[in-house]
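# Working through the structure, step by step
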Amino acid sequence: MHWHTKQTDKVLEELKVSPHGLSVDEAARRLKETGENELDVQGPPSPIWLFLNQFKDFMILVLIAVAIISGFIGDVADTIIIGVIVLMNAIIGFIQEYKAEASIRALKQMAALHAHVIRNGKLQLIPAQRVVPGDIVQMEAGSVIPADLRLLEVHSFRVNESALTGESVPVDKSTDSISGTDISIGDQTNMAFKSTLVINGRATGVVTATGMRTEIGKIAGLLTTKKQLTPLQKRMAGFTKLLSYAILLLCLVLFIAGILRGEEPVKMLLLAISLAVAAIPEALPALITVCLSLGARRMVKQQALVRNLPAVETLGSVNFICTDKTGTLTENKMKVEKLHTLCDETVYEQYNPLILAMALNNDLKKTEEGIVTGDPTEIALVDYVQHHLSHEAFAPLKSSLPRVAEIPFDAERKLMTTIHSLNKRFLILTKGAPESIADHLTDSHQAELLLQQSHSWSAEGMRVLAFAYKITDTIPSLESAETHLHAAGVTALIDPPRPAAKQAIAECSTAGIQTVMITGDHLATATAIATDLGIMHEGDLARSSEQLKQMSPETFQKEVEKIRVYARVSPEQKLMIIKALQKKNHFVSMTGDGVNDAPSLKAANIGVAMGINGTDVSKEAADMILLDDNFSTIVKAVKEGRRIYDNIRKFIKYIMTCNTAEILIMLLAPLLQLPIPLLPVHILWINLVTDGLPGLALASERSEKLVMKLPPRKPEESLFADGVGAHIIRISILMAGVTLAMQAWAVHQKLEHWQTMVFVTLSFAQLGHILAIKSNRNSVFSKDILSNMPLLLTVIFTCLLQIAIVYLPFANQLLKTQPLTLNELLWCFICSSVVLFAVELEKWIFRIRLKKMNLY
């Protein structure tokens, strides 16, 4: 039903209600028919579901399967160790996500809303959820509108609809019907919408929709969009499946080959499981969880609360940030940007009429705490005057020029007038729309100047207010107060950009990230601010809601990558924009604070809500919440996301090199007529201690210097791109070769400690490898070695542990090791260091290339 197009009497007739309201019985019947006036929004997941959700990763499932098989064949130690790893990984992930959900609950302000309705001809206060279509509702300044209403009567009624439409300026309401069925919510000035806030005046309206049938309910209905997988989730899903299938195939081939050679099935099964344990990076799931958790903790310190752990890394892959304007790029607070005085005459002491009108023509009030409340535009005007006058000069104005009468603002006149006593005469101050003020001026030349200046500022996207005045000997009548006025001047107001937003957008551009403004505001205003912030450049496009409606899907799909500003758009259109960019294979972040942003926040690859001014609905839909509502915090989060992804890649490079070397050692030794080089317990020690402990410390590695000067990684890019795969092949072959050479020499020398020497050589080689790959560019022999103290200390500690298990008697029994002579230990160290120097040579060649490109 297009209620805004109908006359008020027709609305009452169709809703079958009189101005005296519904009867109590009829209201009860309608409540039963329509249900309670509540939004059916999905709540946060239960703790049990959050915990179980940690086990759905394919690698985790493979680890559980290996643990079960190990238990069946009697290798209880492997079962316990793998089980502990899987459980710890789940607990870490659960704690982080549960804490984030608890923070969401703490951010909510659960205010029980009530509504004043007329039933049986009497005014009653009832819970807002019991309001029904047809109820006559009365509202005043400070009220939260309980349902969608067609306004029947208004008195200076202004509503802040920014949470619903994204427009920062309060809307002046009227009761006149509006022609046209395809009118945006922001332009339906005879309607009031659920969950918006009354700023000024009072009104009576009839409820046209409740619950999920309201405009805010329709937005809530869009929140069923299924969440996209993050880039890391996609890459890890592909990687772990491929790795697991390859390992299973390798184990099967080994098992069948052994059986065909006449080996005992149990012996071959144990060998196959040893190979599986060697190949599966048991520490990988835990490392990723710890890496993301540490990243989330660092982000909280930078005012970004992560609700969904994988979202920590997702920002590092984002190449489009679609951001709401109001409250995100701007302060959501009006400010006087310019003013032009058309009268230099002083009418009271040293003050001209423009300053007096800005200071006195308002309905602002002060709370007991001294906070000024009222219309944001009027607050901005008074703030400007206070800023330019001393407190001693400003404070006496109201008492020196007391208000004796007023004509409230209404949407038809578009004027507000106050009358003040002035030395036994009367000062009339009028403010309003420039066209309305110009129509009431006595001097046509002044009217022309006023309109000329107003149109110029309006074209720049600013909100313009005009002021006029006159002085009379008697209090004028209401009809004559606004006639024969003299121009005082005009002011231009804006919702100013946040101070750090411009720099943040420039940093995003340098990092290859496009910023797109999506707003419910007008096209001229949005374009002006986007140009000022550096979002729009020559050749970029700006589109309004009406233009989008007229475009075919094909045309829009062609233009979507060039459009930098979308103005006056609806929640459905925001959703369409996000999906169109995703269809072009872009990873999209959406930032916003209003209810109108919630569907697109959920549909985006990562949704970012505002913690201070954000609505509860937007916070529930988001993956991350900016606790300081600052757009520049996103840039810090992007840098953190890229750092985390780089560190995860370094760990994969490290662990896959080590595991591939272990597989090669286990497979090639028998072919080279060498005995089995390592026992299952040795492999498990290497994977969990030698690989695991230093690997976890990689999560603390600082970001590379070029991290915010490179474009985002493509979503389809493999984890093994940029030479990672080639490095794994080269260094794993070298590591296996060095270890097998040590084994062959020790066996040939008939050293009884040969297996321990193989074990120690491989462990030291892997520790040297992790020190070398901690930085992609800098040498380990530079001061860079001190940049990650947790890693350095962990490597030293792991070295000491490795030596301890060689020389401590109880460790000899537990891990099947034997004490080495000093000479044997020295040879192990010399052989293992070959890997460290090989990687350093690789990086030296890389640095030469970077210097040639002026990147180092």
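Since the structure is predicted, the reported quantities are computational estimates derived from the model, not experimental observations.

### Looking at the overall build of the protein chain
Along its length, the protein chain carries 33 helices and 23 strands. When its C-alpha atoms are laid out on the principal axes, the protein chain stretches across 120 × 65 × 55 Å. Burial statistics for the protein chain: of 856 residues in total, 55% are counted as buried. Within the protein chain, contacts between residues separated by at least 24 positions form 72% of all contacts whose residues are at least 6 apart in sequence. For the protein chain, the exposed area adds up to about 37,300 Å²; of that, 60% sits on carbon and sulfur atoms. When the 83 basic and 85 acidic side-chain charges of the protein chain are each reduced to a single mean position, those positions are 6 Å apart.

### Quick notes on the sheet that holds strand 20 (residues 563-567)
The strand order across the open sheet formed by 8 strands is 8-23-22-21-9-18-20-19, and the pairing between neighbours is mixed. Edge positions in the sheet fall to strand 8 (304-306) and strand 19 (541-544), since each has one partner strand and no second. Each adjacent strand pair in this sheet contributes to an overall mean axis angle of 20 degrees, direction not counted. Judged from the 2 bridges that link them, strand 18 (residues 514-518) and strand 20 form a sheet pairing that is parallel. Looking at the pairing, Ile518 lines up with Tyr566 of strand 20. Packing against the sheet, helix 20 (residues 523-533) makes contact with strand 18, strand 19 and strand 20, and its axis sits at approximately 145 degrees to strand 20. Against the sheet, helix 23 (residues 571-583) touches strand 9 (320-324), strand 18, strand 20 and strand 21 (588-592), its axis set at about 160 degrees to strand 21.

### Examining the pairing of strand 2 (residues 122-127)
Relative to strand 2, strand 1 (residues 114-119) is paired through 6 bridges, and the arrangement is antiparallel. Looking across to strand 2, one finds that Arg119 is bridged to Lys122. If you look at the hairpin formed by strand 1 and strand 2, you'll find 2 residues sitting between the two strands, and Asn120 has a positive phi there, around 55 degrees.

### Quick word on the sheet that holds strand 14 (residues 415-422)
Read from one edge to the other, the open sheet built from 6 strands follows the order 10-17-16-15-14-13, with strand pairing classed as antiparallel. Bordering the open sheet on either side are strand 10 (335-341) and strand 13 (403-410), each of which pairs with just one other strand. Ignoring strand direction, the axes of neighbouring strands in this sheet form an average angle of 20 degrees. Looking at chain direction, strand 13 and strand 14 are connected through 5 bridges and run antiparallel. Looking across to strand 14, one finds that Ile407 is bridged to Thr417. Relative to strand 17 (residues 486-494), helix 13 (residues 353-360) is tilted by about 55 degrees, and along the sheet it contacts strand 10, strand 13, strand 14, strand 15 (425-432), strand 16 (463-472) and strand 17. Sheet strands in contact with helix 14 (residues 376-388) are strand 10, strand 14, strand 15, strand 16 and strand 17, and its direction is about 65 degrees off that of strand 10.

### Re empty space enclosed by the protein
Tallied over the entire structure, the rule returns 1 cavity of 30 Å³ or more. Forming the walls of the largest cavity are Arg158, Asn200, Asp363, Asp375, Glu378, Phe409 and Met416.

### A short note on the packing of aromatic side chains
With the rule as written, the count across this model stands at 6 aromatic pairs. Between Phe51 and Phe55 the ring centres are 5.3 Å apart and the planes differ by 75 degrees, which places this aromatic pair in the edge-to-face class. Geometrically, the ring pair formed by Trp745 and Trp827 is tilted, given 5.9 Å between the ring centres and 45 degrees between the ring planes. Of this pair, Trp745 sits in helix 29 (residues 724-748) while Trp827 sits in helix 33 (residues 822-852), and the two are 82 residues apart along the sequence. In this structure Trp745 comes out as partly exposed when scored by relative accessible area, which is 36%. Residue Trp827 is classed as partly exposed on the basis of its relative accessible area of 38%. In this arrangement the basic side chain of Arg158 is found over the ring face of Phe409, its NZ or CZ atom lying 4.7 Å from the centre.

### Brief notes about the side chain of Arg643
In this fold, Arg643 is placed in helix 26 (residues 632-671). Overall, the relative accessible area of 13% leaves Arg643 in the buried class. Once residues within four sequence positions are removed from consideration, Arg643 is found in contact with Arg298, Ala699, Ser700, Glu701, Arg702, Ser703 and Val707.

### A few points about the pairing of strand 3 (residues 136-140)
In this structure, strand 1 lies alongside strand 3, joined through 3 bridges in antiparallel fashion. Paired with Ile118 across the two strands is Ile136, which belongs to strand 3. Where strand 3 meets strand 7 (residues 197-209), 5 bridges bridge the pair, whose relative direction is antiparallel. Bridged to Val137 within strand 7 is Gly205.

### Describing the pattern of salt bridges
Applying the stated criterion across every chain, the model contains 30 salt bridges. As a salt-bridge pair, Asp363 and Arg403 come within 3.1 Å of each other at their nearest N and O atoms. Of the two residues, Asp363 is situated in the loop between helix 13 and strand 11 (365-366) and Arg403 in strand 13; the sequence distance between them amounts to 40 residues. A salt bridge links Glu640 to Arg643; its shortest N-O distance comes to 3.6 Å.

### With respect to helix 26
Helix length check: helix 26 (40 residues) gives 59 Å between terminal C-alpha atoms against 58 Å at 1.5 Å per residue, within 8%. Within helix 26, 32 of the 40 residues are buried, leaving the element largely enclosed by the surrounding structure. Gln673 lies just past helix 26 and shows a positive phi near 60 degrees.

### A word on helix 30 (residues 754-773)
Because an α-helix packs 3.6 residues into every turn, residues spaced three or four apart end up facing the same way. With 20 residues, helix 30 ought to run about 28 Å at 1.5 Å a step, and its terminal C-alpha atoms sit 29 Å apart, in line with that. In terms of burial, helix 30 is a largely internal element, 20 of the 20 residues being buried.

### Focus on a nonpolar patch on the surface
A grouping of Val76, Ile80, Val84, Leu87, Met88, Ile91 and Ile95 is seen on the molecular surface, where their side chains present a nonpolar patch of about 580 Å² in accessible area. Within the element layout of this structure, Val84 appears in helix 5 (residues 76-107).

### Here we look at unusual backbone geometry
The phi dihedral of Arg568 is positive, around 60 degrees, even though this residue is not glycine. Relative to the helices and strands, Arg568 resides in the loop between strand 20 and helix 23. In the Ramachandran plot, Lys816 falls in the positive-phi region, its phi being about 55 degrees despite a non-glycine side chain. Inspection of the secondary structure puts Lys816 in the loop between helix 32 (809-815) and helix 33.

### Points about the packing of helix 26 against helix 30
Taken N-terminus to C-terminus, the directions of helix 26 and helix 30 make an angle of 155 degrees; their axes are 10 Å apart at the nearest point. In terms of their interaxial angle, helix 26 and helix 30 are classed as roughly antiparallel. As helix 26 packs across helix 30, the resulting crossing turns out to be right-handed. The residues of helix 30 that touch helix 26, namely those facing Lys650, Lys653, Tyr654, Thr657, Cys658, Glu662 and Ile665, are Leu762, Gln766, His769, Ile770 and Ile773. Of the residues contributing to the contact of helix 26 with helix 30, the split by class is 6 nonpolar, 3 polar and 3 charged.

### What about the confidence of the model for the protein chain?
Of all residues in the protein chain, 93% attain a pLDDT of 70 or more, and the chain-wide mean is 86. Considering only residues more than four positions removed or in separate chains, one finds that residues 103-112, a stretch of pLDDT under 50, has 14 contacts.

Cut-offs and rules
- Residues numbered from 1 in each chain as written.
- Predicted model: local features only at pLDDT ≥ 70, side-chain atom pairs only at ≥ 80, totals over all residues.
- Heavy atoms only, no water.
- Helix = DSSP H or I, 4+ residues; strand = E, 2+ residues; numbered from the N terminus.
- Buried < 20%, exposed > 50% of the residue type's maximum accessible area, 1.4 Å probe, protein only.
- Contact = heavy atoms within 4.5 Å.
- Areas by Shrake-Rupley, 256 points an atom, 1.4 Å probe, with all protein chains shown as cover.
- Lys, Arg positive; Asp, Glu negative; His and termini not counted.
- Charge placed at Lys NZ, Arg CZ, Asp CG, Glu CD.
- Pairing = 2+ DSSP bridges.
- Axes fitted to C-alpha atoms, helices over the stretch in contact; angles between N-to-C directions.
- 1 Å grid on protein atoms, 1.4 Å probe; cavity = no way out; pocket = protein on both sides within 12 Å on 5 of 7 lines; lining within 4 Å.
- Points joined across faces, edges and corners; volume = space filled by probe spheres on them.
- Phe/Tyr/Trp six-rings, centres within 6.5 Å; stacked < 30°, edge-to-face > 60°.
- Lys NZ or Arg CZ within 6 Å of the ring centre and 35° of its normal.
- Salt bridge = Lys/Arg side-chain N within 4 Å of Asp/Glu carboxyl O.
- Expected span 1.5 Å × (residues − 1).
- Patch = residues over 30% accessible without salt bridge, like charges linked within 9 Å, V, L, I, M, F, W, Y side chains within 5 Å.
- Parallel < 35°, antiparallel > 145°, perpendicular 65-115°, else oblique.
- Left-handed = near helix turned anticlockwise from the far one by under 90°.
- Nonpolar A, V, L, I, M, F, W, Y, C, P; charged D, E, K, R; others polar.
- pLDDT = per-residue confidence, 0-100.

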